[in-house]
Amino acid sequence: MAETAAPRLLSVSDAPRITSYSLHDTKRPEVEIGQAEHRIDLVNRWNIAPGSRVLEIGCGQGNATAVLADVVGEGGSVDAIDPAPSDYGAPFTLAQAQTHLSASPLGSRITWHQATPEAFLAREQSGGKTWDVAVLSHCIWYFASPSVLAAVLGALRGRAARLCVAEYALQATERAAEPHVLATLATGMLESHKADSDANIRSPLGPGRIAEVARAAGWTQQQEGFVVPRPGLLDGHWETLSVVDEEFVREMEEHIADERVKLVLRTARDATIASVRGLGGEQPRTMDVWVASFN
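Everything quoted here is computed from the prediction, not taken from an experiment. (Residues numbered from 1 in each chain as written. Predicted model: local features only at pLDDT ≥ 70, side-chain atom pairs only at ≥ 80, totals over all residues. Heavy atoms only, no water.)

Undergrad: Please clarify how the packing of aromatic side chains should be interpreted in this entry.
TA: Where two aromatic rings form a pair, the distance of their centres and the angle of their planes describe that pair. The full count for this structure, using the stated rule, is three aromatic pairs. Pairing F120 with W131 gives two aromatic rings, centres 6.0 Å apart and planes at 40°, and the pair type is tilted. In this pair, F120 is assigned in helix α5 (residues 117-125) and W131 in strand β4 (residues 131-137), connecting sequence segments 11 residues apart. Each member of the pair, F120 together with W131, is buried. Plain terms: the ring middles of W290 and F294 are 6.5 Å apart, the flat faces sit at 70° to each other, and that makes the pair edge-to-face. Each member of the pair, W290 as well as F294, is classed as buried. (Phe/Tyr/Trp six-rings, centres within 6.5 Å; stacked < 30°, edge-to-face > 60°. Helix = DSSP H or I, 4+ residues; strand = E, 2+ residues; numbered from the N terminus. Buried < 20%, exposed > 50% of the residue type's maximum accessible area, 1.4 Å probe, protein only.)

This is the structure in structure tokens:
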């Protein structure tokens, strides 16, 4: 299998080249470069070999897809799955971003699939398709419920030789990332009261819980570690601002009737605001990321 070959590691200096393949605001390339640098840091932890067949679950607009396609090389492939409609996303839609990446030198290595991971795996089961590596990179919190993760990891048993996971760790090595931890908990509580939420924080599972679900699905953890995101990864800043914004209060009033629940949410928002204030004007950063692999 391809995974017996020596892994290929990238340098963060490769980020501008990989970014050039992706659709981005050319006036602010540093935003996309920050995304590429972070994905390089994650993929390097997984030691993926050239020629590998990779299944990427929750690919979105392809931030990790581009890095994975670069690592596997011309002899490898990436099946990239996401259930979102083609017009989802801003400032560029999934269709725009994926089409642009398909037209790049990496495009021949990528096959896009619009489907839930459960539906895709069920559809492909009859053909007996397998992968060297299955990757879940910053997608678990998007799942509608924790039961989705259990179903996906169960369906992957016997289909992928390795499982590689990266998700927020709910811890902050950098003081400036503490507001992000508080903001994600507040957002998760709010979204849990929306029957049709499509937010990016719906199932904020911590590392221990993810590992527990993986073990129950028959996976054995091989390694784990933590990545402290570089300042250029702005997700923590954006997600903190969404809680500080008054729109958070409006949504809370719209979707929640129980006064006790609203009290807890207001308190969580107040704690986030106080944490931001404690930074003395420094921009909130992104919390630590848990990176693990399973056999």
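Undergrad: Sorry, what's going on with the pairing of strand β1 (residues 53-57) here?
TA: Within β1, four of the five residues are buried, which leaves the element mostly enclosed by the surrounding structure. For β1 and strand β2 (residues 77-82), the ladder comprises five bridges, and the chain directions are parallel. Paired with I57 across the bridge in β2 is I81. For β1 and β4, the ladder comprises four bridges, and the chain directions are parallel. When the bridges of β4 are listed, L55 appears paired with A134. (Pairing = 2+ DSSP bridges.)

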